[in-house]
Amino acid sequence: MKSRIFSIILAMVVLIGVLAGCGGRAGDNTDKSADTSSGGDKKEKVEIKYWAHQNEGWNKSHKELAEKFMKVNPDITVLTEFFPYDDFESKIQTSLMSKTGGADIYELWGGWGVDFSPTGALAKVPDKFVEEFKKDYFAPTLGSFEHDGAYYGVPLEFNIEVGGLLVNKKLFDEKGLSYPKTWDEMLKIADQTSVKDGAVMVMRGFDFVTYDNVTYTWLSMLMSKGASYFNEDGTFNFTSPEAVDAMTQLVSYVVDKGYTNLDALTGGGGGEGHYFLYEDQAMMVARGPWVISEGIEMYGLQQGVDFDYIAMPWYGDKIAFPAETGWGLVVAESSQNKDAAWKFIEFVMEPENLVPHLQMCGMLPPRQSIIDNTDYKERMPHVVPLLDILKHGEYIGHFNTDVFKEAINNMFVELCTTNNYPTIKDGLAALEEKLNNELILGK
Amino acid sequence: MASVNSRKRKHLAKTIIIVFLLIVAVLVVFPYTLMLLTSFRSTTEILRHSERIWPINWTVAGYIKVFTRAPFFKWFRNSVIITGSVTLAVLFTSTITGFIFAKYQFKYKNTLFFIILASMMVPSQVTMVPSFLIVNWLGLYNKLTALIIPALVSSFGIFLCKQFIEDIPDSLCESAKIDGAADFTIYFRIILPQIRPAIGALAVFTFLGTWNDYLGPLIMLSEVERMTLPLALSFFNSQHSTDINATMSAATLVMLPVTIVFIAFQNQFIKGVSLTGIK
Amino acid sequence: MKNNKFVFAVLFPIFVLVIVFLVLPLIYGLGISFFEYNPLRQTNPFVGLSNYAKLFRDDVFIKATTNTLFFVFVTVTINIIFTLTLAQFITTIHSNKIRSFFRTVYFLPCVAPMVVAATVWGGNIYSTRYGILNTILSSMGMPRVNFIGDANLVMYCLIIFTVWVDFGYNTVLFSAGLDSIPTQFDEAGKIDGAGPFQRFIYITFPLLRRTFVFVTIMTIISHFQMFVQFMVLAQRGGPNNASTVLTFYVYKLAFINKDMGYASAVAFVLFIIIMVVTLIQRRLNRIDWGY
């Protein structure tokens, strides 16, 4: 017995030793390269880390960008690393705190920028970028990267979650339907096609229920009727007749009409609506243009054959919608290689590099000059209907959009599934009070 | 006549009990069986034929994906390094500290032992924020040592070992001392062999707790290559969906090593656990 | 024995570690809870007790607290009744091999990483599309149910999962406790004509009381600390915070909402709750349970 325990312990020690040895060697490698960069004898070799979130199509493009850049700049090595989206924000936060365990460049979601920009953990964007910002960039793309007149991030995209409608071409053809041109036509098609089996949707006629889309569909509906979700003093106003009407519509689409269900918000359903569309279980899905690359990359489908991406009709007669700052690039203030990092970002932002990246990620350009760029239009003919509406986008507001969307989503789920509030307006009044306290008055 | 009846009744009761226990056993194994079977089905097959359990077309694509798209061996290595060092270290620190508290007289003994007892009551979930800040401040963030150094000492382990060592008669140690044995020799030659069951129990607890730890690595490690096995499962979740086939393959692979260890040492596991309940 | 040099040489490094990694975090955490604390910022203002005052106005905190208490109470009750029954059943088996077979199988979920079990249950058991429960429901012609996505159901799903994943542990403990009871007590009961149920209530249970108290308290404490299933199986405390418990809320506040001061205040409340339970255990332990 004794010798047995002893031999187990011995085996463990040996195993750990061997494994740690392998690890040690790997660690040594990175140490050496770090040494040469700081020592810098002959050729100064700089290594910068670039962290982004996981997405097959996007990651391919990030890697290509890094390789292209390293060819032009052999003295700089760009190491890319990709993280599951769910853990990414907290990884950025903790690694920025650590000052050593993090990256030099992060792909940062604009909505998080509101929290990160004022902390001093991000490096200020150099002046040469700022000049371009003022000339050429759309206001919503910069909004949350700004703090006290300085900028802390370079926007990669114009994030838009409204205005585009993903449609299943195959099903439309099978059923002999044509794409909707008005809101009412859209609802009519949804009415005809939606099929439900208990808590599960067999066919989603019109899906707008995701973390982002409930908020954006609702706000753009009320804005297209000429209303605003802000009072003049900057507080939220969710109880205008237009806001109540729009929410009433959305709740009825789920509860009475059954166009879709709440699975994408509440979980357990196995994914968001556009995946169902790609599996021929949804007709129309309101979503940003980034969904296209997922259909092509993950499902191997063809645009124009299996699905199409068309302009979504507007609820009111005005084109108006909110937009939050989308993905951008930021540099850590604690980075030892800020110059190299900005050099890389500058490289990424050059139209000849940015346009293919936007294409791969299915993103809209953050700057007017790329919209006018014929290369971009040729590469992405399907987003042309969206390009014209970008100028109507208004910055969503300077607050944490995750808190904002989560509160709206929770209220939406509550209104759909409970009788906690006698009327929709009561629910919206509670939401208004909550968000005013948390996001506006608390500041 | 009556005795025959009662024997029959007894027999029936026994059968019912066995059947009940077997049903529970099946319910325990069933989800893992599902996991194993699902890991051999492509994601499309899972979605299209959700009514089936048995794979139509067996595929190892999920496993290939785990090994090629993710640094699985590095995660495995990280888990082994962390768990191995923590377990060995805890065995050593707990036994020797338990020895000292059980057999030595010194100043402030009670106060010091009270600190150990008190710290036993503070679960790591309560102190995750300050622990993270301390680890970060020490420059350990995103290093495997961030999970090793804070875990070198276990107050539970010290407590357990002290309880067991107190049962060893003082005379054994005293006579060794008179024979001129050094303190460390007494610890190594006399104490350790006597408390083997406690060491086994402590090894089991420490091994399981460290190997299966999810929150610690989630907070303390950032880079993908530094991750440990329990974090591997969320690796195949993208922003909007889950690759169920790859996730189940990863789940099977994560489960495999610990299951092998468990089956190899099942008696030690069960004995170790029972021991802490009695003490 | 005495040997101050040896004692010091061992205890000094041990206590450095204990102080830095076990004692300091508690004090540090309490300290942070008086600040509006985000370590990314250069300045973090002292806010006194306002983080604690905020607790009472925070619906999510109140929900998380009631969720936690409900979860612990129901899960532990089911767990104890179930494992005690199983242990009693196992002891009636004479074959040592079969006994240890059941103990080993039941212990399997305690050995495997909980995150594996949570993922498997989320994907293969509860899921609306390919979960086995919904496959059964729909094959019987009944409508499918979104178990995890329904705010009214999710907590019960988590309770069932937690009992499943954790019952092996207590079964082993109870069955060891039962094995250590001398059989002559039970025999005496038989001779007096007591039925098996009566013998359990009047003879076995009182003799098992010490183990029972220990197991119950340890189970309560460990259930207050559960985290994985609320993060992985219930998809981050949703829907509408129906499955948010205190541990998950602390994580969310600190590492997602970046509000470490307030997170520490919530953590301190959790600490107080666990502390109270522990003190009750120590009080009960002092009572003499001797046969």
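It should be emphasised that the depicted structure is a prediction, and the values quoted were computed from it without experimental measurement.

This next bit is on the nonpolar core. Core analysis: the biggest nonpolar cluster contains 338 residues, and Phe206, Trp218, Phe404 and Phe412 of chain A together with Tyr106 of chain C have the highest contact counts within it. For this core, the leading source of residues is helix 7 (residues 154-179) of chain C, giving 14 residues. The residues contacting Trp218 of chain A, other than those within four sequence positions of it, are Asn213, Phe238, Ala243, Ala246, Met247, Leu250, Ile408, Leu428 and Leu431 of chain A.

A few words now on the domain arrangement of chain B. All names here are of chain B. Domain annotation of chain B identifies domain 1 (2-38) and domain 2 (71-278). The gap between the C-alpha centroids of domain 1 and domain 2 is 36 Å. Between domain 1 and domain 2 lies a buried interface of about 440 Å² when both sides are counted; carbon and sulfur atoms form 81% of it. Looking only at domain 1, the three residues that lose the most surface to domain 2 are Tyr32, Met35 and Thr38, adding up to 89% of its buried area. Here domain 1 is connected to domain 2 by zero salt bridges. Between the two partners, domain 1 and domain 2, sit zero residue pairs in polar contact (both at pLDDT 80 or more). For the side of domain 1 that touches domain 2, the class distribution of residues is three nonpolar, one polar and no charged.

Moving on: the interface of chain A and chain C. Taken residue by residue, the interface counts 29 residues in chain A and 28 residues in chain C. For the pair chain A and chain C, the two sides together bury roughly 2400 Å², of which 49% comes from carbon and sulfur. When the shortest N-O distance is used, the salt bridge between Lys258 of chain C and Asp115 of chain A registers 3.2 Å. Inspection of the region where chain A meets chain C yields five residue pairs in polar contact (both at pLDDT 80 or more).

On to the sheet that holds strand 10 (residues 282-286) of chain A, then. Residues and elements named next belong to chain A. Strand order in the open sheet formed by five strands is 8-9-10-7-11, and the pairing between neighbours is mixed. This sheet does not close on itself; its edge strands, each paired only once, are strand 8 (195-197) and strand 11 (307-311). Recorded for the sheet is a direction-independent mean angle of 30° between the axes of neighbouring strands. Pairing of strand 7 (residues 164-168) with strand 11 involves five bridges; the strand directions are antiparallel. Note that in strand 11 the partner of Leu166 across the bridge is Tyr309.

This part takes up a nonpolar patch on the surface. The grouping of Leu133, Ile136, Met140 and Met142 of chain C at the surface amounts to a nonpolar patch, some 350 Å² of accessible area in total. Examined against the element boundaries, Met142 of chain C turns out to sit in the loop between helix 6 (132-139) and helix 7.

Contact residues are listed per partner, giving 89 residues for chain B and 84 residues for chain C. Put simply, chain B and chain C have zero salt bridges between them. Counting the contacts that link chain B with chain C gives seven residue pairs in polar contact (both at pLDDT 80 or more). The element that contributes the greatest number of residues to the side of chain B that touches chain C is helix 1 (residues 2-38) of chain B, accounting for 17 residues. Class assignment of the residues belonging to the side of chain B that touches chain C gives a composition of 66 nonpolar, 17 polar and six charged.

So, about the pairing of strand 10 of chain A. Residues and elements named next belong to chain A. Taking burial as the measure, the five residues of strand 10 include five buried ones, the bulk of the element. Across three bridges, the pairing between strand 7 and strand 10 is antiparallel. Bridge assignment links Leu166 to a residue of strand 10, and that residue is Val285. As paired elements, strand 9 (residues 200-207) and strand 10 share three bridges and run parallel to each other. Each residue of the ladder has a partner; that of Phe206, found in strand 10, is Met284.

The rules we used
- Residues numbered from 1 in each chain as written.
- Chains lettered and ligands numbered in written order.
- Predicted model: local features only at pLDDT ≥ 70, side-chain atom pairs only at ≥ 80, totals over all residues.
- Heavy atoms only, no water.
- Core = buried A, V, L, I, M, F, W, Y, C linked by side-chain atoms within 4.5 Å.
- Buried < 20%, exposed > 50% of the residue type's maximum accessible area, 1.4 Å probe, protein only.
- Helix = DSSP H or I, 4+ residues; strand = E, 2+ residues; numbered from the N terminus.
- Contact = heavy atoms within 4.5 Å.
- Domains from an automatic or database assignment.
- Buried area = accessible area lost by both parts, 1.4 Å probe.
- Salt bridge = Lys/Arg side-chain N within 4 Å of Asp/Glu carboxyl O.
- Polar contact = N/O pair within 3.5 Å; in protein donor to acceptor, adjacent residues only side chain to side chain.
- Nonpolar A, V, L, I, M, F, W, Y, C, P; charged D, E, K, R; others polar.
- Pairing = 2+ DSSP bridges.
- Axes fitted to C-alpha atoms, helices over the stretch in contact; angles between N-to-C directions.
- Patch = residues over 30% accessible without salt bridge, like charges linked within 9 Å, V, L, I, M, F, W, Y side chains within 5 Å.
- Areas by Shrake-Rupley, 256 points an atom, 1.4 Å probe, with all protein chains shown as cover.

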